[in-house]
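Below are the chains, spelled out letter by letter.
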Amino acid sequence: MKGDFTMNDFTYSYPVKVYFGTDAAKKAVSQELGKYGKTVMVAYGGGSVKKSGVYDAVVSMLKEAGKEIVDFSGIMPNPTYAKVQEGAALAKEKQVDFILAVGGGSVIDCCKIISAQAKTEKDIWEMEFTDHVFPTEFVPMGAIVTATGTGAEMNNGAVITHEEKKIKTGVWGAFASFAALDYDYMKSLPAKQVVSGAFDTLSHCMETYFGSPRTANVSDEINEAIMRNTIRNLRVVAKDFLDENARRELMWDSAMAENGILKLGKVTDFQAHMIEHQLGAYTDCNHGCGLAVIHPVLYRHIYKDAVSRFAHFAEAVWGVSAEGKTQEETALAGIQALADFIREIGLPTNFKELGIEADENMLHAVAESTVTTPGCCKKLTVNEIFEILTECR
């Protein structure tokens, strides 16, 4: 890490092959599945992929490719460690050759860790968090994406909730060998899921942007373009969530936010995510909606420690004029623009609107278990995190 003024050194290579657009899933299955063995675990969530016809389409493609199918359903919106273990046990029992995640970020994340756990007798959680050893062998996997926003198909990090420990955090698993992004597979998503998912994309961009270095660099200038595009298209889908062009744009925004390009040379922030993860561990709230509540409050607490960056964000992303304003006033105007945008697109702005009854004991528990990140411009104390959470009520 070179500090706050110079892009950090990096080596870039990426393992995920992306099929984007019309018939992306069909192309991916026909061109990729022949590389792997006969038994394919098809993993998915609730009944939506069956009601929409996506499940039948995928199964038909796999049968046409001569594959034997192992069904693994019921992956929940905030996947649990118990569900990971259930999937890994099934993969071992059926000697699965390939895992095909059909769903959004939760399904894909769960499969990343199933892929790792199925190849070892060691407990993945204990390996990573006690022994600090990370898996190197995986059951190969791919992703047919039915809900975008998380960008989960583009990386090997997974957000998993350990219910016994009351911890929701990042666990490292497998990269997908391919990802299929096909708008036709996402048409049936509810409007709220489209909007909250796309806000997660914007959050990923901001969490990278406000990491260090916080001076002009090419990664952040690309990021500014992705943020502007996400904001513009979110405004479109908030009014017409079936607008195909906007939805396709948001699909790629989501992938760009998590394919590593924006993070090159950066130490990322992701403090808002760490707070929301622990909030989710205690409340099971919608991830994108939780972030929408937390971001403006967090930024009002920390902006003075990176005031020039927040001021530039206001101008470059939100079009705030700095004329007649101090740098601090410009920065605050940008944070207010973000808050106004959240309300404009119909996302919650406090815990009450989110449907959370947040008592002090629960908020203290969330604050005490929240990880603080090295990329955040301010090292938050437990008391400061508690104050942020209290202001979110």
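These numbers come from a predicted model, not from an experiment.

Here is what the cut-offs are and how they apply
Residues numbered from 1 in each chain as written. Predicted model: local features only at pLDDT ≥ 70, side-chain atom pairs only at ≥ 80, totals over all residues. Heavy atoms only, no water. Salt bridge = Lys/Arg side-chain N within 4 Å of Asp/Glu carboxyl O. Helix = DSSP H or I, 4+ residues; strand = E, 2+ residues; numbered from the N terminus. Buried < 20%, exposed > 50% of the residue type's maximum accessible area, 1.4 Å probe, protein only. Pairing = 2+ DSSP bridges. Axes fitted to C-alpha atoms, helices over the stretch in contact; angles between N-to-C directions. Contact = heavy atoms within 4.5 Å. Parallel < 35°, antiparallel > 145°, perpendicular 65-115°, else oblique. Left-handed = near helix turned anticlockwise from the far one by under 90°. Nonpolar A, V, L, I, M, F, W, Y, C, P; charged D, E, K, R; others polar. Expected span 1.5 Å × (residues − 1). Phe/Tyr/Trp six-rings, centres within 6.5 Å; stacked < 30°, edge-to-face > 60°. Lys NZ or Arg CZ within 6 Å of the ring centre and 35° of its normal. 1 Å grid on protein atoms, 1.4 Å probe; cavity = no way out; pocket = protein on both sides within 12 Å on 5 of 7 lines; lining within 4 Å. Points joined across faces, edges and corners; volume = space filled by probe spheres on them. Core = buried A, V, L, I, M, F, W, Y, C linked by side-chain atoms within 4.5 Å.

### Quick notes on the pattern of salt bridges
Considering all chains together, one arrives at 14 salt bridges under this definition. When the shortest N-O distance is used, the salt bridge between Glu-276 and Lys-168 registers 3.8 Å. Remark: Lys-168 occurs in strand β7 (residues 167-172) and Glu-276 occurs in helix α10 (residues 271-283); sequence separation between them is 108 residues. In this structure, Glu-276 and Lys-168 share a single accessibility class: buried. Residues joined by salt bridges that share partners form a network here, namely Lys-17, Glu-32 and Lys-35.

### Overview of the sheet that holds strand β2 (residues 39-43)
In any sheet, the strands associate via hydrogen bonds between backbone groups, in a parallel or an antiparallel arrangement. Judged by pairing direction, the sheet is parallel, and its six strands sit side by side in the order β1-β8-β5-β4-β2-β3 without closing on themselves. Unpaired on one side and paired on the other, β1 (17-20) and β3 (68-72) mark the two borders of the sheet. Neighbour to neighbour, the strand axes of the sheet diverge by 20° on average, direction disregarded. Pairing analysis gives four bridges linking β2 to strand β4 (residues 98-103), with the strands arranged parallel. Bridging from a neighbouring strand, Met-41 pairs with Ile-99 of β4. Together, β2 and β3 form the strand contacts of helix α4 (residues 81-93), whose direction differs from that of β3 by roughly 160°.

### Some points on the environment of Arg-247
Tracing the backbone through its elements, the reader meets Arg-247 in helix α9 (residues 244-258). Under the relative-accessibility criterion, Arg-247 is labelled buried at 5%. As a C-alpha pair, Arg-247 and Arg-235 span 12 residues in sequence and 11 Å in three-dimensional space. The contacts of Arg-247, once residues within four sequence positions are left out, are Tyr-183, Met-186, Lys-187, Leu-189, Val-194, Val-237, Phe-241 and Leu-242.

### Description of the packing of helix α7 (residues 191-209) against helix α11 (residues 287-302)
Direction vectors running N to C along α7 and α11 enclose 40°, while the axes themselves pass 8 Å from each other. Classified by the interaxial angle, the pair formed by α7 and α11 is oblique. Between α7 and α11 lies a crossing whose hand is left-handed. Contacts from Lys-192, Ser-196, Phe-199, Asp-200, Ser-203, Met-206 and Glu-207 in α7 reach His-287, Gly-288, Cys-289, Leu-291, Ala-292, His-295 and Tyr-299 in α11. Split into classes, the residues belonging to the contact of α7 with α11 amount to six nonpolar, five polar and three charged.

### Remarks on α7
For α7, with 19 residues, the first-to-last C-alpha span of 27 Å sits near the 27 Å given by 1.5 Å per residue. Of all 19 residues in α7, 16 are buried; the element is thus mostly enclosed.

### Quick look at the packing of aromatic side chains
Each pair of aromatic rings is reported with the distance of its centres and the angle of its planes. Scanning the model with the defined rule gives 16 aromatic pairs in all. When the centroid spacing of 5.9 Å and the interplanar angle of 20° are considered together, the rings of Tyr-12 and Tyr-14 count as stacked. Ring plane angle 45° and centroid distance 4.8 Å describe the contact between Trp-125 and Phe-129, whose orientation is recorded as tilted. Residue Trp-125 and its partner Phe-129 are both found in helix α6 (residues 124-129); the two are separated by four residues, about one turn of the helix. A relative accessible area of 35% places Phe-129 in the partly exposed class. Grouping aromatic residues by their ring pairs yields a cluster made of Tyr-209, Phe-210, Tyr-299, Phe-310, Phe-313, Trp-318 and Phe-341. Here Lys-50 stacks its cationic end above the ring of Tyr-55, 4.7 Å away from the centre of that ring. Residue placement shows Arg-309 over the ring face of Tyr-209; its charged tip is 4.2 Å from the ring centre.

### Brief notes about empty space enclosed by the protein
Taken as a whole and judged by the stated rule, the model has one cavity of 30 Å³ or more. Looking at the largest cavity, its volume works out to about 90 Å³. Around the largest cavity, the lining residues are Thr-148, Gly-149, Met-186, Leu-189, Gln-193, Val-194, Gly-197, Ala-198, Arg-247, Leu-250 and Met-251. Elements supplying a minimum of two residues to the lining of the largest cavity: α7 and α9. No other element matches the four residues that α7 contributes to the lining of the largest cavity. Partitioned by chemical class, the residues of the lining of the largest cavity number six nonpolar, four polar and one charged.

### Focus: the side chain of Glu-384
Relative to the helices and strands, Glu-384 is located in helix α16 (residues 382-391). Residue classification places Glu-384 among the buried positions, given a relative accessible area of 16%. Setting aside anything within four residues of it in sequence, one finds Glu-384 in contact with Lys-378 and Lys-379.

### Overview of the nonpolar core
Phe-199, Met-206, Leu-298, Tyr-299, Phe-310, Trp-318 and Phe-351 are the most contacted members of the largest nonpolar core, which has 109 residues in total. By residue number, the principal contributor to this core is α11, which donates nine residues. In this structure Leu-298 touches Gln-271, Ala-272, Ile-275, Leu-380 and Ile-388, once residues within four positions along its chain are discounted. Grouped together as the second largest cluster of nonpolar side chains are 23 residues, Ala-24, Ala-28, Val-29 and Val-40 included.

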